[in-house]
Amino acid sequence: MNSALLTIPKLWRYLSKKSRKGLLISFFLMIISAISEALSIIIISPVISLINDSQKFDNLILQVKSFLSIESDNTALFLLLITISILFVIFSFIKVLSCFVNLRVAAIVGNELSVKAYKKYLYMPYEDFFQVNSSEAIANMTSINEKVVGSIKFFLTFCLNLI
């Protein structure tokens, strides 16, 4: 865990502006996701307490009816439930979008770093190139790339769940 958290700041200087921008967008989406989760808890708590207390529930239905100029209790209840449902669908979409962007950014960063590593290997001086076992070098680069991408995924998931 600590190695993954320490790897990301070290990698920052090797990333292109596009990858850095992707990481910043990912963090921004994490903050929005955290806010939407907090709002979902704020919304669901009073709804549950309203369901348990019929007097408060009736008062809420009356307020919705007067605010929207609706005659029927059923219509007011239906609109209230639809509104809450739509909000939860939006909050869920934001969470899924944040997870998707995190994985996508981790893949892009991993790809960028592996391309740089392979280029560095291929552009080695001629004498050095023949002294290195190419299959071993490629296997090592692939293994390291998998670890780096795993660290980035872990870091972004950790940040998402921490926030």
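Not measured: the values here are computed from a predicted model.

(A) Representation of the overall build of the protein chain in the model. If you tally the helices and strands in the protein chain, you get six helices and zero strands. Ordered by position from the N terminus, the helices and strands of the protein chain form the series α-α-α-α-α-α. In terms of C-alpha radius of gyration, the protein chain reaches 25 Å, well past the compact-globule figure of 15 Å for 163 residues. Reported as C-alpha extents along the three principal axes, the dimensions of the protein chain are approximately 85 × 25 × 25 Å. Taken across its 163 residues, the protein chain has 27% of its residues classed as buried. When contacts within the protein chain are restricted to residue pairs at least 6 apart in sequence, those whose partners lie at least 24 apart make up 71%. On the protein chain, the mean spot of the 15 positive side-chain charges and the mean spot of the 10 negative ones are 12 Å from each other.

(B) The packing of helix α3 (residues 54–68) against helix α4 (residues 73–122), seen in detail. Closest axis-to-axis distance for the α3/α4 pair is 9 Å, and the angle between their directions is 95°. Relative to α4, the element α3 is oriented roughly perpendicular. Along the contact surface, α3 presents F57, L60, I61, V64, K65 and L68, while α4 presents D73, A76, L77, L79 and L80. Among the residues making up the contact of α3 with α4, the classes are represented as nine nonpolar, no polar and two charged.

(C) Representation of the layout of surface pockets within the structure. Reported here for the largest pocket is a volume of approximately 340 Å³. Listing elements by their share of the lining of the largest pocket, those giving two or more residues are α4 and α6 (134–162). For the lining of the largest pocket, the residue count by class is seven nonpolar, two polar and two charged.

(D) Spotlight on the packing of aromatic side chains. Enumeration according to the criterion identifies one aromatic pair in this entry. An angle of 80° between the planes, with centres 6.1 Å apart, marks the rings of F88 and F91 as edge-to-face. Placement of both F88 and F91 in helix α4 is noted, with a separation of three residues, approximately one turn of the helix.

(E) The arrangement of the nonpolar core in detail. One finds V105, V109, L113, I152 and L156 to be the most contacted residues of the largest nonpolar core, which totals 16 residues. The leading source of residues in this core is α6, at six residues.

(F) Expanded view of the side chain of S40. Tracing the backbone shows S40 in helix α2 (residues 17–52). Classification of S40 as buried rests on a relative accessible area of 13%. A polar contact of 2.6 Å, which involves the side chain of S40, links it to the backbone oxygen of E37. If near-sequence neighbours (up to four positions away) are discounted, S40 is found in contact with F88 and F91.

The rules behind the values
- Residues numbered from 1 in each chain as written.
- Predicted model: local features only at pLDDT ≥ 70, side-chain atom pairs only at ≥ 80, totals over all residues.
- Heavy atoms only, no water.
- Helix = DSSP H or I, 4+ residues; strand = E, 2+ residues; numbered from the N terminus.
- Rg over C-alpha atoms; globule rule 2.2 N^0.38 Å.
- Buried < 20%, exposed > 50% of the residue type's maximum accessible area, 1.4 Å probe, protein only.
- Contact = heavy atoms within 4.5 Å.
- Lys, Arg positive; Asp, Glu negative; His and termini not counted.
- Charge placed at Lys NZ, Arg CZ, Asp CG, Glu CD.
- Axes fitted to C-alpha atoms, helices over the stretch in contact; angles between N-to-C directions.
- Parallel < 35°, antiparallel > 145°, perpendicular 65-115°, else oblique.
- Nonpolar A, V, L, I, M, F, W, Y, C, P; charged D, E, K, R; others polar.
- 1 Å grid on protein atoms, 1.4 Å probe; cavity = no way out; pocket = protein on both sides within 12 Å on 5 of 7 lines; lining within 4 Å.
- Points joined across faces, edges and corners; volume = space filled by probe spheres on them.
- Phe/Tyr/Trp six-rings, centres within 6.5 Å; stacked < 30°, edge-to-face > 60°.
- Core = buried A, V, L, I, M, F, W, Y, C linked by side-chain atoms within 4.5 Å.
- Polar contact = N/O pair within 3.5 Å; in protein donor to acceptor, adjacent residues only side chain to side chain.

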